[in-house]
Amino acid sequence: DSAAADAAIEAGKAMASGIILTKDIVNAPHNVLNSESLANVARRVAEESGGSLSCTILGKEDCEKRGMGAYLGVARGSETDPQFIHLTYTPKSGNVSKKVGIVGKGVVFDTGGYNIKTAMMELMKFDCGGAAAVIGAAKIVGQLAPEGVEAHFMVAACENM
């Protein structure tokens, strides 16, 4: 029927937009993508969700207060502060029968082990692929707005310099 076809097309558009966002994040050069700009992407995804997604960003000081030393140690040499991103999807009805969490690695550029990575330096930005997939998935879930599930999308974004 026509309504089912229209719903399927809209679902496909939502999935495509999340996949495109994921690819755009991974393909962004390091002079464009850092922990702060990735946090801004997450904020924008939440703002564009029509209220189905909320976004909380923990900065360096918040992470220090929570004892996130291992994460802060990775980010210690970075130009930009680490940004711990937490997007939350809540169904419009408020009825939640299941909770899920999705976590992605958000190292937007990795020079750790610089001397042994000389043959592939142009690929060091791909450590953010997990973070990109998580933010893309959040965008999709926010647009599809499934009922009965609360979803948490978390990314520890930083540079390993």
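Residues numbered from 1 in each chain as written. Predicted model: local features only at pLDDT ≥ 70, side-chain atom pairs only at ≥ 80, totals over all residues. Heavy atoms only, no water.

**Q** Where do I start with the side chain of Thr-22 in this structure?
**A** Mapped onto the elements of the fold, Thr-22 is located in helix 1 (residues 2-27). You can call Thr-22 buried: its relative accessible area is 18%. When neighbours within four sequence positions are excluded, Thr-22 is seen to be in contact with Ala-132, Ala-133 and Gly-136. (Helix = DSSP H or I, 4+ residues; strand = E, 2+ residues; numbered from the N terminus. Buried < 20%, exposed > 50% of the residue type's maximum accessible area, 1.4 Å probe, protein only. Contact = heavy atoms within 4.5 Å.)

**Q** Any chance you could explain the packing of aromatic side chains here in plain terms?
**A** The relative placement of two aromatic rings is captured by the distance of their centres and the angle of their planes. For the structure on display, the rule yields 1 aromatic pair. Considering the side-chain rings of Tyr-71 and Phe-84, the 6.2 Å spacing of their centres and the 75° angle between planes classify their relative orientation as edge-to-face. One end of the pair, Tyr-71, is in helix 4 (residues 69-75); the other, Phe-84, is in strand 2 (residues 83-89), with 13 residues separating them in the sequence. There is no split in this pair, since Tyr-71 and Phe-84 are both buried. (Phe/Tyr/Trp six-rings, centres within 6.5 Å; stacked < 30°, edge-to-face > 60°.)

**Q** Please explain the layout of surface pockets as it appears in this structure.
**A** It is the rolling of a water-molecule-sized probe over the atoms that shows where space remains empty. Space inside the largest pocket adds up to approximately 160 Å³. Taken together, Lys-60, Glu-64, Gly-69, Leu-72, Gly-73, Ala-75, Arg-76, Ser-78, Glu-79, Thr-80, Asp-81 and Pro-82 form the lining of the largest pocket. Listed by contribution, the elements that provide at least two residues to the lining of the largest pocket are helix 3 (60-65) and helix 4. Ranked by residues supplied to the lining of the largest pocket, first place goes to helix 4 with 4 residues. Looking at the lining of the largest pocket residue by residue, the classes come out as 3 nonpolar, 4 polar and 5 charged. (1 Å grid on protein atoms, 1.4 Å probe; cavity = no way out; pocket = protein on both sides within 12 Å on 5 of 7 lines; lining within 4 Å. Points joined across faces, edges and corners; volume = space filled by probe spheres on them. Nonpolar A, V, L, I, M, F, W, Y, C, P; charged D, E, K, R; others polar.)

**Q** I keep staring at helix 2 (residues 35-47) and nothing clicks. Help me out?
**A** Structural remark: α-helix, 3.6 residues per turn; residues separated by three or four positions point the same way. A rise of 1.5 Å per residue sets the reference length of helix 2, with its 13 residues, at 18 Å; its end C-alpha atoms lie 19 Å apart and thus fit the reference within 8%. Buried within helix 2 are the following residues: Ser-35, Leu-38, Ala-39, Val-41, Ala-42, Val-45 and Ala-46. One side of helix 2 holds all its buried residues, which, seen down the axis, span an arc of 155°. (Expected span 1.5 Å × (residues − 1). Arc of directions from axis to C-beta.)

**Q** What should I look at first to understand helix 1 in this one?
**A** The end-to-end C-alpha separation of helix 1 is 37 Å, in line with the 38 Å expected for 26 residues at 1.5 Å each. Turning to helix 1, its buried residues number three or more, namely Ala-11, Ala-14, Ser-17, Gly-18, Leu-21, Thr-22, Ile-25 and Val-26. The residue sitting at the N-terminus of helix 1 and contributing the capping side-chain oxygen is Asp-1; that oxygen lies 2.9 Å from the backbone nitrogen of Ala-3. (Polar contact = N/O pair within 3.5 Å; in protein donor to acceptor, adjacent residues only side chain to side chain.)

**Q** Explain the environment of Ile-135 here, please?
**A** Along the chain, Ile-135 falls in helix 5 (residues 129-144). For Ile-135, a relative accessible area of 0% translates into the label buried. As for Ile-135 and Val-103, which are separated by 32 residues in sequence, their C-alpha atoms are 9.6 Å apart. Ignoring sequence-local partners within four residues, the contact set of Ile-135 consists of Leu-21, Ile-25, Leu-38, Val-41, Ala-42, Val-45, Ile-85 and Val-155.

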